[in-house]
Amino acid sequence: MIRDLWLVGIGTGSPSHLTLEGVQALREAAVVLMPHKGDEKDALAALRRRILEASGSLARVAPFDYPERDPALPYAERVALWHDEIARRWKAAHDAVGAPGPVALMVWGDPSLYDSTLRIAARLPSKPRVRVVPGITAIQALTAAHAIPLNTINGEVRITTGRRLRDGGWPEGAETLVVMLDGECSFRGLDPEGLTIWWGAYLGSGDQILCMGPLAEVSDEIARMRAEARERHGWIMDTYLLRRG
Ligand SMILES: C[S@@+](CC[C@H](N)C(=O)[O-])C[C@H]1O[C@@H](n2cnc3c(N)ncnc32)[C@H](O)[C@@H]1O
């Protein structure tokens, strides 16, 4: 039975993003749940294993595969059933290794940001005590890579997805917008007048690429860089910040 579940934020692509608290948690965990195949890209799966090894953890590794999502179901139901099934697989993977003690799971970036691990944890029948070890988010990796502040003085920041930007356009009144989970360069659908973009992909890793400038001038360049990098690596994760004025 999983009684203590530790969700350890591992940052966005560099083993050095793991905090000292994260290293300690991986060392003290009895079991580490490890995504095996499914939608984990090979390179990311290898990085997780490198991070675990580098931490000096002696935990038993409990591998699990991600289930498929059922495309025939409405979105909310599809996601809820998928989360239920992942929680079942965590439990089965843990039962299979059968080591008592805290169970850790390495979460990309930080568990609070566009990540469902906490929602899945709440579905475990054993209702474990959940501990979160914070990690560096893609947003922090982006602002650090460009050496820019996230907000203007006294300004607000909105965080959204590529899909929402594409469907809803520029949110009314927004000054700084951070966009994640955008597979389609949704910034191209905006009126670029007065907008500056700071874009980054593979942030924190050795493959990191960056571009910034007035959206009207660099929009095509980013789309080209993105397509070329995606082709070369077989996958891409990118994040961008747009600022008006
Ligand atoms: C499912 S969300 C996970 C976010 C993560 N929990 C965090 O704290 O950053 C995945 C999205 O995060 C962003 N992302 C994650 N890692 C990234 C990286 N190394 N470089 C650029 N963007 C990244 C991308 O927008 C990607 O589509």
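Residues numbered from 1 in each chain as written. Predicted model: local features only at pLDDT ≥ 70, side-chain atom pairs only at ≥ 80, totals over all residues. Heavy atoms only, no water.

To continue, consider the packing of helix α1 (residues 20–28) against helix α2 (residues 42–55). Direction vectors running N to C along α1 and α2 enclose 85°, while the axes themselves pass 9 Å from each other. As judged from the angle between their axes, α1 and α2 are roughly perpendicular. Between α1 and α2, the residues in contact are Val23, Leu26 and Arg27 and Ile51, Leu52 and Ser55, respectively. Among the residues making up the contact of α1 with α2, the classes are represented as 4 nonpolar, 1 polar and 1 charged. (Axes fitted to C-alpha atoms, helices over the stretch in contact; angles between N-to-C directions. Helix = DSSP H or I, 4+ residues; strand = E, 2+ residues; numbered from the N terminus. Parallel < 35°, antiparallel > 145°, perpendicular 65-115°, else oblique. Contact = heavy atoms within 4.5 Å. Nonpolar A, V, L, I, M, F, W, Y, C, P; charged D, E, K, R; others polar.)

The next thing to look at is the pairing of strand β1 (residues 4–9). Among the 6 residues that make up β1, 5 are buried, leaving the element largely enclosed by the rest of the structure. Alignment of β1 against strand β5 (residues 129–133), held across 5 bridges, turns out to be parallel. The residue bridging leucine 7 from the neighbouring strand is valine 132, located in β5. Where β1 lies against strand β4 (residues 103–107), 5 bridges are found, and the strand directions are parallel. Its bridge partner being in β4, leucine 7 is matched across the sheet by leucine 105. (Buried < 20%, exposed > 50% of the residue type's maximum accessible area, 1.4 Å probe, protein only. Pairing = 2+ DSSP bridges.)

Scanning the model with the defined rule gives 4 aromatic pairs in all. Ring geometry for phenylalanine 64 against tyrosine 66: centres 5.4 Å apart, planes inclined by 75°, an arrangement best described as edge-to-face. Residue class for phenylalanine 64 comes out buried when judged on its relative accessible area of 4%. Measuring from ring centre to ring centre gives 5.1 Å for phenylalanine 187 and tyrosine 240, while their planes differ by 90°; the resulting arrangement is edge-to-face. One end of the pair, phenylalanine 187, is in the loop between β7 (176–180) and β8 (195–201); the other, tyrosine 240, is in strand β10 (residues 238–244), and 53 residues separate them in sequence. In this structure an aromatic cluster arises from ring pairing among Phe64, Tyr66 and Trp82. Above the plane of the ring of tryptophan 198 lies arginine 243, whose end atom (NZ or CZ) is 5.4 Å from the centre. (Phe/Tyr/Trp six-rings, centres within 6.5 Å; stacked < 30°, edge-to-face > 60°. Lys NZ or Arg CZ within 6 Å of the ring centre and 35° of its normal.)

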